[in-house]
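# Residue-level structural notes
Spelled out from the first residue to the last, the chains are:
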Amino acid sequence: MVGYAQEEEQQREEPPATIDSIDVVRDYRPILADAVKIRQSPDMTNKRRYQPDFNYGIIDKKLDINTGTKQLTIQEMPFSGNRALTNNYAKIGAGNLGTLLGEVYLSSDYWVDTRLGGYVKHLSQEGTFEGQRFSSQHIGVFGRTVYGPVTLDGEVGFKRYGTRFYGTVAGTDGMPLNVDPATQAFNDIYFTGEITSNYEDGNTDAFDYSVKADAYAYGNTYDTKENSFALAGYINKQVNAFNVGLHVSGDFTTVKDASYSLANHIGRVNPYIRFQGPNYNITLGANFVAEFGDSSRTNIFPSAEVDFALIPKFAHLFGGITGDVNKTSFKALTRENPWLAELGTTNGIRNSVDRMNIFGGIKGNAGATFGYKVKASYRRIESMPFYAIAPGTPYKFNMLYEDGEDASTVIGLEGELNVRLSEVVTVGGRVNFNEFDLQEQEEAWYTPKMRLAANARFNISDKLYIDGELLFQGQTYGLVQDTDIDLSGYAITEIGTTGMRKTTIPSFADISAGAEYRATDRIGVYVRLNNMVGTNYERYLFYPRLGMNVIGGVNFSF
């Protein structure tokens, strides 16, 4: 490179440089004073114009260390035959309190897309109190088949439950008022069937539908009969991120007693639209409910729900507002309290109405090892059903309804937790709290404000399993209208000057546990202890439960 001095440049007869152009005749870095003469500021950033390609050469060098190594010896695997899968199961057992238990389950998988089966169950027990007997039998046949784009399933069966009115009640003179406990039995013949469209994965324009039918004929020893037939269906059309659907149902129920008859029919129409995205689900609709039969009324309730993924899969916020008519049936009442008195004009059946049910909470899970749910609710309910001791026959119960001018308020809090601590331990539980603000009744009779149910399972080994259950219920209250009943064993409170008394039923805890040992792949032995505390606690007045019960037996698969 050749450079020239400033004097030599002046001797040349060349046009002088203007501010619009600069001729650089030697390689130099301008100082700040000269840089202002340049038309455009220089690019002072340090940017790499290209990314060079790198080539790596890996040297394959053998690691030559032979210390402690030798040729592997091929071992012959022990013979193990394929374990035969079984579809059938039987269980028999016996225990104290005259307990006899037997169960048989049969199923066939001869066809790939069809499953048929049936079962038979029996349990009978007898307590230490006069007439304290229980027995239940259940026979059922079920089937399920996948037929092209739809799935059909159904079940038909028979249930029987027998007991006695063994209420241990005495008069103020100390003489028993229930000398010869009468028998009571309930027979239930039922059928259920459903046809449902099959799910198509990835179909953004899916059309889903379902039709379900339920029917039963239910009766007791005293010729009280309830016949019911219900038909329900829904259709749902998916359009991209939207779902438009309709739920329709009709429930037709008649109840007849010697001196009582009721036609209680309910029809529902529930149109909705759902907006669904990756982390949210919003459903908006309305619920049209019509009651007809011996009495009629029509209600329109809101129906809206939202589910938002605060942390996908781990935490979902949900909430909504709904309303509905709650059907009260003789079958549901006697399954909860089998000592219901004969129906009549003063002991009838009436539906309750959820005028408003606002709820919200959080739920989520962490895989298959942890799941939880916390829910709070605010309900406005009309005609809440309760039980009360029947006047003249204190070992039976009549229906009692909340008949205030305004709806009653129930504020609830519910929590649920399921945890799999390891391959060995699994625990779970559910707790409910309710606070009642009633318009007419003194208390929510026989309805606890707090209830806890918990369970645990321990897989000690591949052959030994242990499980346990806990049921805790807070104190409840019962209403006694007769003044000649001895209540000296209870805490009582007089209600005004009517002679009626509020009776406190203490809280209780029922602990049960069981163990099973699999002697072989097909045969196992088991033992179970129910009500390990051994207290004859009461769920309803004058009806103590069975004490500690031990059941043992064998089960086998075939």
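All values derive from a computational prediction rather than experimental measurement. (Residues numbered from 1 in each chain as written. Predicted model: local features only at pLDDT ≥ 70, side-chain atom pairs only at ≥ 80, totals over all residues. Heavy atoms only, no water.)

## A few points about the overall build of the protein chain
Short version of the rule: Numbered from the N terminus, helices here are DSSP runs of H or I no shorter than four residues, and strands are runs of E no shorter than two. A 1.4 Å probe rolled over the protein chains alone gives each residue an accessible area, and that area as a share of the maximum for its type sets the label: buried under 20%, exposed over 50%, partly exposed in between. Any two residues having at least one pair of non-hydrogen atoms within 4.5 Å are treated as being in contact.
When helices and strands are counted, the protein chain shows three helices and 29 strands. When the 558 residues of the protein chain are sorted by exposure, 34% land in the buried category. For the protein chain, the share of sequence-separated contacts (at least 6 apart) that also reach a separation of at least 24 residues comes to 56%.

## Overview of the environment of Gly118
Its location among the elements puts Gly118 in strand 3 (residues 114–126). On a C-alpha basis, the gap between Gly118 and Ser108 in space is 9.4 Å, while along the polypeptide they are ten residues apart. Leave out the neighbours within four places in its chain, and Gly118 touches Val104, Tyr105, Leu106, Gly140, Val141 and Phe142.

## Overview of the pattern of salt bridges
Let me state the cut-off plainly: In what follows, salt bridge is the name for a side-chain nitrogen of Lys or Arg lying within 4 Å of a carboxyl oxygen of Asp or Glu.
Across all of its chains, the model carries 20 salt bridges by this definition. The partner of Asp324 in a salt bridge is Arg268, and the shortest N-O contact between them spans 3.0 Å. Note that Asp324 is positioned in strand 13 (residues 315–326) and Arg268 in strand 10 (residues 260–276), a separation of 56 residues in sequence. Between Arg379 and Asp354 there is a salt bridge, and its shortest N-O distance comes to 2.8 Å. With Arg379 in strand 15 (residues 370–382) and Asp354 in strand 14 (residues 352–365), this pair connects stretches of sequence that are 25 residues apart. Here Arg379 falls in the partly exposed class, since its relative accessible area comes to 27%. Judged by relative accessible area, which is 7%, Asp354 ranks as buried. Via salt bridges that share partners, Asp188, Lys331 and Arg335 belong to a single interconnected network.

## Considering the packing of aromatic side chains
As a reminder, the rule being used: Classification of ring pairs rests on two measures: the distance between centres of Phe, Tyr or Trp rings, Trp counted by its six-membered ring, which must be within 6.5 Å, and the angle between planes, read as stacked under 30 degrees, edge-to-face over 60 and tilted in between.
Per the counting criterion, the structure on display carries 24 aromatic pairs. An angle of 75° between the planes, with centres 4.9 Å apart, marks the rings of Tyr166 and Tyr543 as edge-to-face. With Tyr166 in the loop between strand 5 (150–164) and strand 6 (183–197) and Tyr543 in strand 28 (residues 543–544), the pair connects residues that are 377 residues apart, well separated along the chain. The exposure classification of Tyr166 matches that of Tyr543, with both residues buried. Ring centres 5.9 Å apart and planes at 10° place the aromatic pair Phe186 and Tyr218 in the stacked group.

## Topic: the pairing of strand 16 (residues 385–390)
On a regular strand, each side chain points to the face opposite its neighbour's, so the side chains alternate between the two faces of the sheet. Here is the rule: When DSSP finds two or more bridges between a pair of strands, those strands are recorded as paired.
Counting buried positions over the six residues of strand 16 gives five, a clear majority of the element. Here strand 16 runs beside strand 17 (residues 393–401); their pairing, made up of six bridges, is antiparallel. Residue pairing across strands places Ala390 opposite Thr393, the latter belonging to strand 17. Counting the residues in the hairpin turn of strand 16 and strand 17 gives two residues, including Gly392, whose phi is positive at 90°.

## Some words on the nonpolar core
To keep things clear, this is the line we draw: Take the buried residues of types Ala, Val, Leu, Ile, Met, Phe, Trp, Tyr and Cys, join any two whose side-chain atoms come within 4.5 Å, and each joined set is a nonpolar core.
In this structure, Ile349 and Tyr446 are the most contacted members of the largest nonpolar core, which totals 49 residues. At five residues, the largest contribution of residues to this core is made by strand 17. Residues within four places of Ile349 in sequence aside, it is in contact with Val255, Tyr260, Leu262, Thr328, Ser329, Phe330, Leu333, Leu343 and Tyr401. Counting five residues, the second largest nonpolar core, distinct from the first, contains Val289, Phe301, Val325 and Val353.

## Some details on a nonpolar patch on the surface
Keep this limit in mind: For patch building, the residue pool is restricted to those with more than 30% relative accessible area and no salt bridge; the joining distance is 9 Å between like charges and 5 Å between nonpolar side chains (Val, Leu, Ile, Met, Phe, Trp, Tyr). Here the accessible surface of atoms and residues is derived via Shrake-Rupley with a 1.4 Å probe, and residues count as covered only by protein chains that are part of the display.
Together, Ile92, Val104, Leu106, Val120, Ile139, Tyr517, Ile523, Val525, Val554, Phe556 and Phe558 make up a nonpolar patch on the protein surface, roughly 890 Å² of accessible area in all. Elements supplying a minimum of two residues to the nonpolar patch: strand 2 (99–108), strand 26 (523–530) and strand 29 (549–557). Positionally, Val104 belongs in strand 2. You can call Val104 partly exposed: its relative accessible area is 33%.

## Section: the environment of Gly117
In this structure, Gly117 sits in strand 3. Looking at Gly117, the relative accessible area reads 13%, which means it is buried. The spatial distance from the C-alpha of Gly117 to the C-alpha of Tyr105 is 7.5 Å, given a sequence separation of twelve residues.

## A short note on the confidence of the model for the protein chain
Rules: Known as pLDDT, the predictor's confidence for each residue is given on a scale from 0 to 100.
Per-residue confidence for the protein chain gives a mean pLDDT of 89, with 85% of residues at or over 70. Averaged over each element, pLDDT in the protein chain is lowest for helix 1 (residues 6–11) (44) and highest for strand 28 (98). The model gives residues 1–12 a pLDDT under 50, and that stretch makes six contacts with residues more than four places away or in other chains.

## Let's talk about the side chain of Asn337
Considering the arrangement of structural elements, one finds Asn337 in the loop between helix 3 (330–336) and strand 14. Contacts of Asn337, omitting those with residues within four sequence positions, involve Tyr387, Phe397 and Tyr540.

## What to know about the sheet that holds strand 22 (residues 476–480)
Within a sheet, each strand pairs with its neighbour through backbone hydrogen bonds, oriented either parallel or antiparallel. Rules: The convention used is that axes are lines fitted to C-alpha atoms, helices contributing only their stretch in contact, and that angles between N-to-C directions extend from 0 to 180 degrees.
Strand order in the open sheet formed by three strands is 22-24-23, with antiparallel pairing between adjacent strands. Two strands in the sheet have a free side with no partner beyond their single neighbour: strand 22 and strand 23 (491–494). In this sheet, neighbouring strand axes are inclined to one another by 30° on average, regardless of whether the strands run parallel or antiparallel. As paired strands, strand 23 and strand 24 (residues 501–505) are joined by four bridges and run antiparallel to one another. The residue of strand 24 that forms the bridge with Glu494 is Arg501.

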